[in-house]
Amino acid sequence: MADYQIPDELLGLPNVKAVSYQITSAERIEVCIESRLDAAVCPNCQRVSTQMHDTAEPQTLRDLAIWGRQCWLRYAPRRFACATYHRTFVERVAWREPGFAHTLRYAQQIYERTRHEDIAQVALDEGLSQDTVRGIFERWGKKRSTSAATHL
Ligand SMILES: [Zn+2]
């Protein structure tokens, strides 16, 4: 494959570098990404660790479409060693919806669509299950009403 890169500015995820990409079908592109940060914050003691331990299994996360193609990010979360408790932890990234196989911005886009469109139609267009789309609709709807309530 040719040595072309996707510029980080275009990818638009904070502290993330696009390492390579592959067009895997007429409708699909996969982009391999890496963190630019040399450190991570331990979720137990909130201290910064620069001691990388290893990387976890690569994951595939759905992201916003690129030029009409469905886009998937390939990403191997890194494990760091915590100096305080002598344990390891997996880094958390701000751009992923925690626990789900998609980015936050993707979930937000799906949520915006479900406010005006049929869940079945959105699922069909995006190649997602209706359960996934309904889950986003319900979680993000809750988030909205919670944040609206706290701003009263
Ligand atoms: Zn710790």
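In what follows, the accompanying structure is described. (Residues numbered from 1 in each chain as written. Predicted model: local features only at pLDDT ≥ 70, side-chain atom pairs only at ≥ 80, totals over all residues. Heavy atoms only, no water.)

This part takes up unusual backbone geometry. We note that Asn15 has phi near 60°; this positive angle belongs to a residue other than glycine. Structurally, Asn15 is set in the loop between helix 1 (8–11) and strand 1 (16–25). For Trp67, which is not a glycine, the phi torsion comes out positive at approximately 45°. By secondary structure assignment, the location of Trp67 is in the loop between strand 6 (59–66) and strand 7 (69–75). In this structure Trp67 comes out as exposed when scored by relative accessible area, which is 79%. (Helix = DSSP H or I, 4+ residues; strand = E, 2+ residues; numbered from the N terminus. Buried < 20%, exposed > 50% of the residue type's maximum accessible area, 1.4 Å probe, protein only.)

With that settled, the discussion passes to the coordination of the zinc ion. Here the zinc ion is held by Cys42 (SG), Cys45 (SG) and Cys82 (SG), and the distances to it run 2.1 to 2.3 Å. Positions of the donor residues of the zinc ion, expressed as sequence spacing, correspond to C-x2-C-x36-C. Of this pair, Cys42 sits in the loop between strand 3 (40–41) and strand 4 (48–49) while Cys82 sits in strand 8 (residues 78–82); the two residues are 40 residues apart in sequence, bridging distant segments of the chain. (Donors = N, O, S within 2.8 Å, 3.2 Å for Na, K, Ca; no water.)

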